[in-house]
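For reference, the chains in residue letters:
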Amino acid sequence: QDSIGIVFPGLNRLDYRGAFWPAKITSVNNEDVLAWLEQHLRLVPLEPRRPGFDVFKGKRITPGRVRSLASAANGCWQAILKRNLEAFGRNFRASFEAQVSLFPAMSSREVQATIRQYAGSSLGWKLSGAGGGGYLVLVTKNELPGAIKIKIRRTEL
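So, here's what we can say about the structure.

**A few points about the overall build of the chain**
Link 1 in the chain: Within the chain, the regular secondary structure consists of 5 helices and 6 strands.
Link 2 in the chain: Secondary structure elements of the chain, listed N to C terminal, follow the sequence α-β-β-α-β-α-α-α-β-β-β.
Link 3 in the chain: Projecting the C-alpha coordinates of the chain onto the three principal axes gives extents of approximately 40 × 40 × 30 Å.
Link 4 in the chain: By the burial criterion, 43% of the 157 residues in the chain qualify as buried.
Link 5 in the chain: Pairs at least 24 residues apart make up 66% of the contacts formed inside the chain by residues separated by at least 6 positions.
Link 6 in the chain: One finds the centroid of the 23 positive side-chain charges in the chain at a distance of 7 Å from the centroid of its 12 negative side-chain charges.

So, in structure tokens, the structure goes:
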């Protein structure tokens, strides 16, 4: 979710060791992997954040919750590299659940309503835009009405 991952081309894994800048950036520019991701990720626009929205309100940062998020993120990475859609969806959703356990304000009634709308046709979901605004990102086998296809920037422009 870091902006570095959006700015760099391809798929990027950012490993942090307590500093602002990642200790390690691993990039994947394999066309088969990138095309597979484009085929299975969709964006659903969410309403803008409410005035006064504070994603940190009620935060519950504990080592166990952070480990859950790290484990889910690693599971996503491994599933993507193997192009295992079911494992990717399961870990993507686990990542969302871990983030909400850390920052409960991320998820609102509106976000939950959108998740319910797409839950039956998606393998996993999470938020972009720090919750309460941005997009619901979905892992799916099929096209979804009203969802936006993603396009991953390649190294060659």
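**Concerning helix H3 (residues 63–82)**
Link 1 in the chain: With 20 residues, H3 extends 28 Å between its outermost C-alpha atoms, agreeing within 8% with the 28 Å of an ideal straight helix rising 1.5 Å per residue.
Link 2 in the chain: Along H3, the residues that are buried comprise Ala72, Gly75, Cys76, Trp77, Ala79 and Ile80.
Link 3 in the chain: Looking at the buried side of H3, the elements it contacts are strand S1 (11–15), strand S2 (24–28), helix H2 (31–40) and helix H4 (85–102).
Link 4 in the chain: Immediately downstream of H3, the backbone of Arg83 shows phi near 55°, a positive value.

**Details of the sheet that holds strand S4 (residues 124–128)**
Link 1 in the chain: An order of S4-S5-S3-S6 is seen for the 4 strands of this open sheet, with the pairing classed as antiparallel. If you trace the sheet from one side to the other, it starts and ends with S4 and strand S6 (148–149), each paired once.
Link 2 in the chain: Across 5 bridges, the pairing between S4 and strand S5 (residues 135–139) is antiparallel. Note on S5: the bridge partner recorded for Lys126 is Val137.
Link 3 in the chain: Together, strand S3 (41–45) and S5 form the strand contacts of H2, whose direction differs from that of S3 by roughly 40°.

**Re unusual backbone geometry**
Link 1 in the chain: Although it is not a glycine, Arg83 sits at a positive phi angle of roughly 55°.
Link 2 in the chain: The topology assignment puts Arg83 in the loop between H3 and H4.
Link 3 in the chain: When its relative accessible area of 40% is taken as the criterion, Arg83 is described as partly exposed.

**Some remarks on the nonpolar core**
If you look at soluble globular proteins, the nonpolar side chains tend to sit buried side by side.
Link 1 in the chain: Membership of the largest hydrophobic core comes to 20 residues, with the highest contact counts inside it found for Leu11, Leu37, Leu41, Ile80, Phe88 and Phe92.
Link 2 in the chain: Elements with a contribution of two residues or more to this core: H2, S3, H3, H4 and S5.
Link 3 in the chain: With residues near it in sequence (within four places) discarded, Phe92 still touches Leu41, Cys76, Gly124, Trp125, Lys126, Val137 and Val139.
Link 4 in the chain: Among the nonpolar cores identified, the runner-up in size contains 18 residues, and Leu46, Leu102, Phe103 and Met106 belong to it.

The rules we used
Per chain, residues are indexed from 1 in the order of the written sequence. Local features in this predicted model are restricted to residues whose pLDDT is 70 or higher, and side-chain atom pairs enter the listing and the counts only when it is 80 or higher, whereas totals over whole chains, interfaces and linings include all residues. Derived side-chain values reflect all non-hydrogen atoms in the structure, with water molecules and hydrogen atoms excluded from consideration. The numbering of helices and of strands both runs from the N terminus, where a helix is a DSSP run of H or I of at least 4 residues and a strand a run of E of at least 2. Type-normalised accessible area, obtained with a 1.4 Å probe on protein chains alone, sets the label of each residue: buried when under 20%, exposed when over 50%, and partly exposed for intermediate values. By definition, residues are in contact when any of their heavy atoms lie within 4.5 Å. Charge assignment: positive for Lys and Arg, negative for Asp and Glu; neither His nor the chain ends contribute. For the purpose of locating charges, the reference atoms are NZ of Lys, CZ of Arg, CG of Asp and CD of Glu. Expected helix span is computed as 1.5 Å times (number of residues minus one). At least two DSSP bridges between two strands are required for those strands to pair. Angles here are taken between N-to-C directions and fall from 0 to 180 degrees, while the axes themselves are lines fitted to C-alpha atoms, restricted in helices to the stretch in contact. The criterion is simple. A nonpolar core is a set of buried Ala, Val, Leu, Ile, Met, Phe, Trp, Tyr and Cys residues joined through side-chain atoms within 4.5 Å.

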